[in-house]
Amino acid sequence: MIPKPKTIEFTFKRTIPASPPEVFDVWLDPKSPANPWHKMDKLIFDPSVDGLFYRMHLTDGQESPHYGRFTILDRPWKIQHTWMSRHTRGLESVVTLAFEAQGEDTLLTLHHANIPDDELGRMHERGWEHYLGLLVDSFPHTR
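Summarised in this report is the structure supplied together with it. Quick caveat, the model's predicted, so the values are computed rather than measured. Once a new chain begins, its residue numbering starts again from 1 and follows that chain's sequence as written. In keeping with the model being predicted, local features are shown solely for residues with a pLDDT of at least 70 and side-chain atom pairs are shown and tallied solely at 80 or more, while totals for entire chains, interfaces and linings include all residues. To obtain the side-chain values, all non-hydrogen atoms of the structure were included, while hydrogens and water were left out.

### Some points on the overall build of the chain
Thought 1: Counting from the N terminus, the helices are DSSP H or I runs at least four residues long and the strands are E runs at least two residues long. If you tally the helices and strands in the chain, you get 2 helices and 7 strands.
Thought 2: Listing the helices and strands of the chain from first to last along the sequence gives β-α-β-β-β-β-β-β-α.
Thought 3: A compact globule built from 143 residues would reach a C-alpha radius of gyration of about 15 Å, and the chain, at 15 Å, matches this within 12%.
Thought 4: For the chain, the spread of C-alpha atoms along the principal axes amounts to about 55 × 30 × 30 Å.
Thought 5: Each residue gets one of three labels from its accessible area relative to the maximum for its type: buried under 20%, exposed over 50%, partly exposed in between, using a 1.4 Å probe on protein chains only. In the chain, which comprises 143 residues, the share counted as buried stands at 45%.
Thought 6: Every residue pair with non-hydrogen atoms within 4.5 Å of one another is taken to be in contact. When contacts within the chain are restricted to residue pairs at least 6 apart in sequence, those whose partners lie at least 24 apart make up 50%.
Thought 7: Surface summary for the chain: the accessible area is close to 7,900 Å², and the carbon and sulfur share equals 53%.
Thought 8: Of note, the chain has its 16 positive side-chain charges centred 4 Å away from the centre of its 20 negative side-chain charges. Note that the radius of gyration is over C-alpha atoms, with the globule rule given as 2.2 Å times the number of residues to the power 0.38. Only the protein chains shown count as covering a residue, and every accessible area follows the Shrake-Rupley method with a 1.4 Å probe. Charged residues are defined here as Lys and Arg on the positive side and Asp and Glu on the negative side; His and the ends of the chain fall outside this count. Lys charges are placed at NZ, Arg charges at CZ, Asp charges at CG and Glu charges at CD.

Below, the structure is given as structure tokens:
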């Protein structure tokens, strides 16, 4: 029996100047540049419970496919899906986004669990920081 590799998890929190329904919808809109579904070289995307996604982009001429299955879609409060790629080394990791109203804003918490504790697995931290930065920047800060 092959031993399960040591895993890590990441949690990120961002306050976004928009309501939970607005933030939820932007996260699931492939036309918005503020999420991991935008500008892929290939995208199959079915954001429904048990719906599948496959996203592939080229990085330095190398294909980088990611795929998974949506397990929870509770608009506007929670999204959960699996996440697999060469960076997860075959492990089915789990991404959970929670959207909490804070006055007129939203506290977004992104939690990514069951990631291999190695260099490729730790690259997810930089990736999610990138997408969350894009998401925050996509909403005007005029309040």
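### Digging into the layout of surface pockets
Thought 1: What the largest pocket holds in volume is close to 400 Å³.
Thought 2: Lining the largest pocket are 16 residues, and of these His57, His66, His87, Met123 and Gly127 sit closest to its centre.
Thought 3: Broken down by element, the residue count for the lining of the largest pocket peaks at 8 residues, all from helix H2 (residues 119-137).
Thought 4: When its residues are assigned to classes, the lining of the largest pocket shows 5 nonpolar, 8 polar and 3 charged. In this analysis a 1.4 Å probe is tested at points of a 1 Å grid over the protein atoms alone, and where it fits but cannot get out there is a cavity; an open set with protein on both sides within 12 Å along at least five of seven lines is a pocket; lining residues have an atom within 4 Å of a point. Grid points are joined across faces, edges and corners, and a volume is the space filled by probe spheres set on the points. The nonpolar class holds Ala, Val, Leu, Ile, Met, Phe, Trp, Tyr, Cys and Pro. Asp, Glu, Lys and Arg form the charged class, and all remaining residues, Gly among them, are polar.

### Structural notes on H2
Thought 1: The span one expects for a helix is its residue count, reduced by one, times 1.5 Å. Its 19 residues place the ends of H2 28 Å apart at the C-alpha level, agreeing with the 27 Å of an ideal helix rising 1.5 Å per residue.
Thought 2: Taken as a whole, H2 has its buried residues at Leu120, Gly121, His124, Trp128, Tyr131, Leu132, Leu135 and Val136.
Thought 3: Looking at the buried positions of H2, the neighbouring elements they touch are strand E1 (7-16), helix H1 (20-27), strand E3 (52-59), strand E5 (78-85), strand E6 (93-102) and strand E7 (105-116).
Thought 4: Polar contacts, as used here, are pairs of N or O atoms within 3.5 Å; protein pairs need one atom able to donate a hydrogen and one able to accept it. Residues neighboring in sequence count only if both atoms are side-chain atoms. If you check the start of H2, you find a side-chain oxygen 3.2 Å away from the backbone N of Leu120, and it comes from Asp118.

### Some words on the environment of Pro17
Thought 1: Residue placement: Pro17 occurs in the loop between E1 and H1.
Thought 2: In this structure the C-alpha to C-alpha distance between Pro17 and Glu129, which are 112 residues apart in sequence, comes to 17 Å.

### Observations concerning the side chain of Arg55
Thought 1: Along the chain, the position of Arg55 falls in strand E3.
Thought 2: It is Asp41 that comes nearest to the buried, bridge-free Arg55 among opposite-charge side chains, at 9.1 Å.
Thought 3: Within the structure, the side chain of Arg55 is placed 2.6 Å from the backbone oxygen of Pro36, a separation counted as a polar contact.
Thought 4: In terms of polar contacts, Arg55 uses its side chain to reach the side chain of Tyr131, at 3.0 Å.
Thought 5: Leave out the neighbours within four places in its chain, and Arg55 touches Pro36, Trp37, Met40, Lys42, Leu43, Ser64, Pro65, His66, Trp83 and Tyr131. Any Lys or Arg side-chain nitrogen located within 4 Å of an Asp or Glu carboxyl oxygen qualifies as a salt bridge.

All quantities given are derived from atomic positions and should not be read as evidence of function.
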